[in-house]
Protein chains: 2
Amino acid sequence: MQIGETAAAAGMTAKTLRFYEDSGLLPPADRTPNGYRSYTRKTVDRLEFIRRGRAAGLTLAQIGDILSVRDVGQSPCVHVQDVLAMRLSNLDAQIAELAALRDTVAEMLGTAVAGDPAICDPARICSYL
Amino acid sequence: MQIGETAAAAGMTAKTLRFYEDSGLLPPADRTPNGYRSYTRKTVDRLEFIRRGRAAGLTLAQIGDILSVRDVGQSPCVHVQDVLAMRLSNLDAQIAELAALRDTVAEMLGTAVAGDPAICDPARICSYL
DNA sequence: GTGCACCTTCCCCTAAACTGGAAGGTCAAG
DNA sequence: CTTGACCTTCCAGTTTAGGGGAAGGTGCAC
């Protein structure tokens, strides 16, 4: 597949794929004789993984860490285990943090819905937030 | 109050206040005869509102929308509800993605632990770390 | 009258994750 | 043979939320 088709399949632009290659999230693409990048279905899978990570609010660097561990397969390497364990606890911490924020926002929203808009005092802005 | 004192009262820096003024989140400050910006307690309230919004993960643009609705004399409550509801559903989606990713990583870790660490070649497998 | 801590504007810098555009190569269709 | 849709590299700009630091004014204490 050419870059545009691959990008479209993953819901991205060709620019983004080149950017990911430069950033090390994608390995240097195979080239056809004319110099065009050539991709396979596996690239689309990888891009979708990246997209899900981005949707989860991970940085490209964090996603890259996970991918690079994934790239060595199911290696029994102790260091890989360490990295994975660390990623896992980072993820747990991040989830806990977001969950706490979620509760805070839900509470703000609860207050907002419970309040009578007519009573909202413009001078104090809005006491919900 | 001078800018530094006001900023400190809101847990911010003077730079941030000037930036908020430039960004339209604060109205152009009153000036003392010597040209210094002069603030009142109301400014601190506004800054604290901004800080709470930021803590909830709202962008300055979203906070600015809420403030500008209030600034034309309308109660921003309904708008605040909308923004908070949207933020809440963003958070839920983000948490769900992170949880799915967490499972993936946990599974990778399970596979890694199942292997035999003794056959790990640190020079080859872990060189990218 | 000199420090010192404030304040002012101005402009540049940061990181992350792209996006746009220029200048040019490739290829199938009409 | 040319048009149009692709592709290539490279360089530059955008956005978010400020931070750094220069060059200079102000005001109070000693």
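Conventions and cut-offs
Residues numbered from 1 in each chain as written. Chains lettered and ligands numbered in written order. Predicted model: local features only at pLDDT ≥ 70, side-chain atom pairs only at ≥ 80, totals over all residues. Heavy atoms only, no water. Helix = DSSP H or I, 4+ residues; strand = E, 2+ residues; numbered from the N terminus. Buried < 20%, exposed > 50% of the residue type's maximum accessible area, 1.4 Å probe, protein only. Areas by Shrake-Rupley, 256 points an atom, 1.4 Å probe, with all protein chains shown as cover. Near = heavy atom within 4 Å. Polar contact = N/O pair within 3.5 Å; in protein donor to acceptor, adjacent residues only side chain to side chain. Nonpolar A, V, L, I, M, F, W, Y, C, P; charged D, E, K, R; others polar. Phe/Tyr/Trp six-rings, centres within 6.5 Å; stacked < 30°, edge-to-face > 60°. Lys NZ or Arg CZ within 6 Å of the ring centre and 35° of its normal. Arc of directions from axis to C-beta. Contact = heavy atoms within 4.5 Å. Axes fitted to C-alpha atoms, helices over the stretch in contact; angles between N-to-C directions. Parallel < 35°, antiparallel > 145°, perpendicular 65-115°, else oblique. Left-handed = near helix turned anticlockwise from the far one by under 90°.

Participant: It is not clear to me how the overall build of chain A should be interpreted in this structure. Could you clarify?
Facilitator: Of the regular secondary structure elements, chain A holds five helices and two strands. Starting at the N terminus and ending at the C terminus, chain A contains elements arranged as α-α-β-β-α-α-α. Expressed as a percentage of the 129 residues in chain A, the buried residues total 37%. Roughly 6900 Å² of accessible area belongs to chain A as shown, and the carbon and sulfur atoms make up 54% of that amount.

Participant: Please explain the protein's contact with DNA strand C as it appears in this structure.
Facilitator: Looking at DNA strand C, there are 19 residues lining it, with Lys15, Tyr20 and Tyr36 of chain A together with Gly4 and Arg18 of chain B nearest. Close to the protein, within 4 Å, the atoms of DNA strand C are drawn from sugar and phosphate at a rate of 67%. At 3.1 Å, a side-chain N or O of Thr16 of chain A approaches a phosphate oxygen of DNA strand C. Within the residue set of the surface near DNA strand C, elements represented by two or more residues are helix 2 (14-23) of chain A together with helix 1 (3-9) and helix 2 (14-23) of chain B. For the surface near DNA strand C, the leading source of residues is helix 2 of chain A, giving four residues. The class makeup of the residues in the surface near DNA strand C is six nonpolar, seven polar and six charged.

Participant: Teacher, can you tell me more about the protein's contact with DNA strand D here?
Facilitator: Around DNA strand D, a shell composed of 19 residues is seen, among which Gly4 and Arg18 of chain A together with Lys15, Tyr20 and Tyr36 of chain B lie nearest. Among all atoms of DNA strand D positioned within 4 Å of the protein, those belonging to sugar or phosphate total 68%. The contact in question runs from a phosphate oxygen of DNA strand D to an N or O atom on the backbone of Ile3 of chain A, over 3.5 Å. A distance of 3.1 Å separates a phosphate oxygen of DNA strand D from a polar atom in the side chain of Thr13 of chain B. Counting residues per element, the ones that place at least two in the surface near DNA strand D are helix 1 (3-9) and helix 2 of chain A together with helix 2 of chain B. The leading source of residues in the surface near DNA strand D is helix 2 of chain B, at four residues. In terms of residue class, the surface near DNA strand D is made up of six nonpolar, seven polar and six charged.

Participant: What exactly am I supposed to notice about the packing of aromatic side chains here?
Facilitator: Pairs of aromatic rings are described using the distance from one ring centre to the other and the angle between the two planes. Residues and elements named next belong to chain A. Scanning all chains against the criterion turns up two aromatic pairs over all chains. Look at Phe19 and Tyr20: their rings are 6.0 Å apart centre to centre, the planes differ by 45°, and that puts the pair in the tilted class. The exposure class assigned to Tyr20 is buried, which follows from its relative accessible area of 8%. Over the ring of Phe49 we find Arg70, and its NZ or CZ is 5.0 Å from the ring centre.

Participant: Would you take a moment to explain helix 2 of chain B for this structure?
Facilitator: Residue pairs three or four apart in sequence face the same way in an α-helix, which turns once every 3.6 residues. All names here are of chain B. Those residues of helix 2 that fall on the buried side of the exposure criterion are Leu17, Tyr20 and Glu21. Burial along helix 2 is one-sided: seen end-on, the buried residues are contained in an arc of 100°. Every exposed residue of helix 2 that faces more than 90 degrees away from the buried side is listed here: Lys15 and Asp22. Looking at the buried positions of helix 2, the neighbouring elements they touch are helix 1, strand 1 (30-31), strand 2 (37-38), helix 3 (41-55) and helix 4 (60-71). Gly24 sits one or two positions beyond helix 2 and adopts a positive phi of about 90°.

Participant: Sorry, what's going on with the packing of helix 3 (residues 41-55) of chain A against helix 4 (residues 60-71) of chain A here?
Facilitator: In helix packing, the relevant descriptors are the interaxial angle and the interaxial distance, both defined with respect to the helix axes. All names here are of chain A. Running from N to C, helix 3 and helix 4 point in directions that differ by 140°, and their axes come no closer than 10 Å. Classified by the interaxial angle, the pair formed by helix 3 and helix 4 is oblique. Crossing handedness for the pair helix 3 and helix 4: right-handed. Seen from helix 3, the contacting residues are Arg46, Phe49, Ile50, Gly53 and Arg54; seen from helix 4, they are Leu60, Ile63, Ile66, Leu67, Arg70 and Asp71. In terms of residue class, the contact of helix 3 with helix 4 is made up of six nonpolar, one polar and four charged.

Participant: Please explain the side chain of Arg37 of chain A as it appears in this structure.
Facilitator: All names here are of chain A. Among the structural elements, Arg37 can be located in strand 2 (residues 37-38). At 2.9 Å, the side chain of Arg37 and the side chain of Glu21 are in polar contact. The contacts of Arg37, once residues within four sequence positions are left out, are Met1, Gln2, Ile3, Arg18, Glu21, Ala29, Asp30 and Arg31.

Participant: Honestly, the side chain of Thr6 of chain B in this entry has me stumped. Any pointers?
Facilitator: All names here are of chain B. Relative to the assigned elements, Thr6 resides in helix 1. Taking the relative accessible area as the measure of exposure, Thr6 reaches 0% and is therefore buried. Residues within four places of Thr6 in sequence aside, it is in contact with Met1, Leu17, Tyr39, Thr43, Val44 and Leu47.

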